Amino acid sequence: EKGGYEHFMLKEIHEQPRSIKDCFRGRLNVDEGWVKLGGIKDYETKLANAKRIIMIACGTSWHAALVGEYLFEDLTRIPVEVEYASEFRYRNPIINEDDIVIAISQSGETADTMAALNLAKSKGATILGICNVVGSSISRITDAGSYTHAGPEIGVASTKAFTAQVTVLTLMALAIARKKGTLDDSRFRRIITELELIPNKVAKILEKAPKIEEIAAVYKDATNALYLGRGNSFPVALEGALKLKEISYIHAEGYPAAEMKHGPIALIDEEMPVFVIATKGPSYEKVVSNIQEVKARKGKIIAVITEGDTQVKAIADHYIEIPDTDENLTPLLTTIPFQLISYYVAVMRGANVDQPRNLAKSVTVE
Ligand code: M6R
């Protein structure tokens, strides 16, 4: 049932070109120029008029929510707050009846997320869900929602569920932005055209698995690792670090690249691998400076760069090239090399990739 792969995680990583396509199938038409999410159709106006959206989730789903925050704020201009479900709940949160709370959960069974949703519901907020498991508890208690359609995810480390969550959040943001009129026609068309190309671009990155495996071999004995990114690459850095932690048991931290100089830079020496997302975009030059700061302290740079890049290529110890895409969609691509790095490192260390110690696929205790 692993489809010829050694582990479910590797199978699920490789399924992403298909799972992303399944996620937007019937929801996106580039020729006719529309995006629609049947599940939330009745709430589109409410969403477009919302003064605030609160996203609640845990773990990887929380990282997807952070990507969602960038998407929603940029495309719809609605303020978004992203909360850990567990923290939201115990803080006596301010929730109004015109707030919309979106819960993101692969399993749809996470106890903290359920409890936070119940609280939001009791305060009169509209609650929506983005779940993978059809008929799950969260999908049942929410007013409406959209499934991610990634198919069953068996590996405890979430991979294809994450990219599907980000895809649904992209579609949602696009649909609301159109309704609200915050996204002009040409930009809308550009983004949906690029979105449709994402599965093929993910497939192109997956072809680089042998090169990524070689990089993993170099750093498999590291005891620490740092992941850096700016803007919507910051949540991808967090996700990269979580993935490495949970399956290889190497201590890793994700940081906004510019925050490095406020503390973590003290950790950098010749033993420290620093994974940096340095794709083309508004903060490219700033990230190049951050890379130079790491190199000046003899840290090792493993950079994810856009095809055709020369500047970072010349200074990085290792680089992984990914195809160019719309800025809003880069997380769907930049996350792939990090999934593979974690996978190979964990395998080389002899760890139980699909069932890491102390972890369960769905966390049903609060
Ligand atoms: O099923 P959920 O998306 O609600 O699960 C949330 C987290 O428990 C989950 O993402 C966890 O962090 C994964 N093991 C990450 O790979």
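Refer to the structure printed above.
Along every chain, residues carry numbers that run from 1 in the direction the sequence is written. Thresholds applied to this predicted model are a pLDDT of at least 70 for local features of residues and 80 or more for the giving and counting of side-chain atom pairs; totals over whole chains, interfaces and linings are not thresholded and use all residues. Side-chain figures throughout are based on the complete set of non-hydrogen atoms in the structure, without hydrogens or water.

(A) Region of interest: the packing of helix H8 (residues 160–180) against helix H9 (residues 185–206). Whenever a helix is involved, its axis is fitted only over the stretch in contact; in every case the axis is a line through C-alpha atoms, and angles between N-to-C directions fall within 0 to 180 degrees. Each helix is a run of DSSP H or I of at least 4 residues and each strand a run of E of at least 2, with the numbering of both proceeding from the N terminus. Taken N-terminus to C-terminus, the directions of H8 and H9 make an angle of 160 degrees; their axes are 12 Å apart at the nearest point. In terms of orientation, H8 lies roughly antiparallel with respect to H9. As for how H8 packs across H9, the hand of that crossing is left-handed. Only Asp185, Phe188, Ile191, Ile192 and Leu195 of H9 make contact with H8, whose side of the interface consists of Thr170, Leu171, Leu174 and Arg178. Working rule for angles: under 35 degrees goes down as roughly parallel, over 145 as roughly antiparallel, 65 to 115 as roughly perpendicular, anything else as oblique. A crossing counts as left-handed when the near helix is turned anticlockwise from the far one by less than a right angle, and as right-handed when that turn is clockwise. Contacts are residue-level and defined by heavy atoms, with any inter-residue pair within 4.5 Å sufficient.

(B) Layout of the site of the ligand. The local shell around the ligand holds 14 residues, among which Ser61, Ser105, Gln106, Thr110 and Glu246 are the closest. Polar contact is the term for a pair of N or O atoms within 3.5 Å; when the atoms are in protein, one must be able to donate a hydrogen and the other to accept it, and sequence-neighboring residues count only if both atoms are side-chain atoms. Between a nitrogen atom of the ligand and a main-chain N or O atom of Val156, the distance comes to 3.1 Å. Between the ligand and Lys243 there is a distance of 2.9 Å, counted from an oxygen atom to a side-chain nitrogen or oxygen. When the ligand sits alone it has 420 Å² of accessible area, and the protein chains cover 91% of it. Only helix H4 (59–76) and helix H11 (234–248) provide two or more residues apiece to the shell around the ligand. No other element matches H4, which puts 3 residues into the shell around the ligand. Side-chain classes follow a simple rule in which Ala, Val, Leu, Ile, Met, Phe, Trp, Tyr, Cys and Pro form the nonpolar group, Asp, Glu, Lys and Arg form the charged group, and the remainder, Gly included, forms the polar group. Across the shell around the ligand, the residue classes break down as 4 nonpolar, 8 polar and 2 charged. The criterion for a residue being near a molecule or strand is simple. One of its heavy atoms has to lie within 4 Å of it. We get accessible surface area from the Shrake-Rupley algorithm with a probe of 1.4 Å; when it comes to residues, only the shown protein chains can shield them.

(C) The side chain of Thr306, seen in detail. Relative to the helices and strands, Thr306 resides in strand S11 (residues 300–306). The rule is simple: take the accessible area with a 1.4 Å probe, protein chains only, and divide by the maximum for that residue type; under 20% is buried, over 50% is exposed, in between is partly exposed. Judged by relative accessible area, which is 4%, Thr306 ranks as buried. The contacts of Thr306, once residues within four sequence positions are left out, are Thr279, Lys280, Ile322 and Asp324.

(D) Just the sheet that holds strand S7 (residues 144–147), in detail. Strand order in the open sheet formed by 5 strands is S4-S3-S5-S6-S7, and the pairing between neighbours is parallel. Edge positions in the sheet fall to strand S4 (80–84) and S7, since each of these pairs with one other strand and no more. Between one strand and the next, the sheet's axes are offset by a mean angle of 20 degrees, whatever the strand orientation. Set on the sheet, helix H6 (residues 111–122) makes contact with strand S3 (53–57), strand S5 (100–105) and strand S6 (126–131); between it and S5 the angle comes to about 165 degrees. The criterion for strand pairing is that DSSP finds at least two bridges linking the strands in question.

(E) Broad picture of the pairing of S5. Of all 6 residues that make up S5, 6 are buried, and the element is covered over most of its length. Neither face of S5 is exposed, since Ile100, Ile102 and Ile104 on one face and Val101, Ala103 and Ser105 on the opposite face are all buried. Here 4 bridges tie S3 to S5, and the two strands are oriented parallel to one another. Within the sheet, the bridge partner assigned to Ile56 lies in S5 and is Ala103. Judged from the 6 bridges that link them, S5 and S6 form a sheet pairing that is parallel. Note that in S6 the partner of Ala103 across the bridge is Gly129.

(F) Examining the nonpolar core more closely. Judged by nonpolar contacts, the single largest core of 91 residues is most densely connected at Ile53, Met55, Phe72, Ile102, Leu174, Leu195 and Tyr227. Top contributing element to this core by residue count: H8, with 12 residues. Setting aside chain neighbours within four positions, we find Leu174 in contact with Val35, Leu75, Leu183, Phe188, Ile191, Ile192 and Leu195. We define a nonpolar core as any set of buried Ala, Val, Leu, Ile, Met, Phe, Trp, Tyr and Cys residues linked to one another through side-chain atoms lying within 4.5 Å. Listed in part, the 20 residues of the second largest apolar core include Leu226, Leu228, Tyr284 and Ala303.

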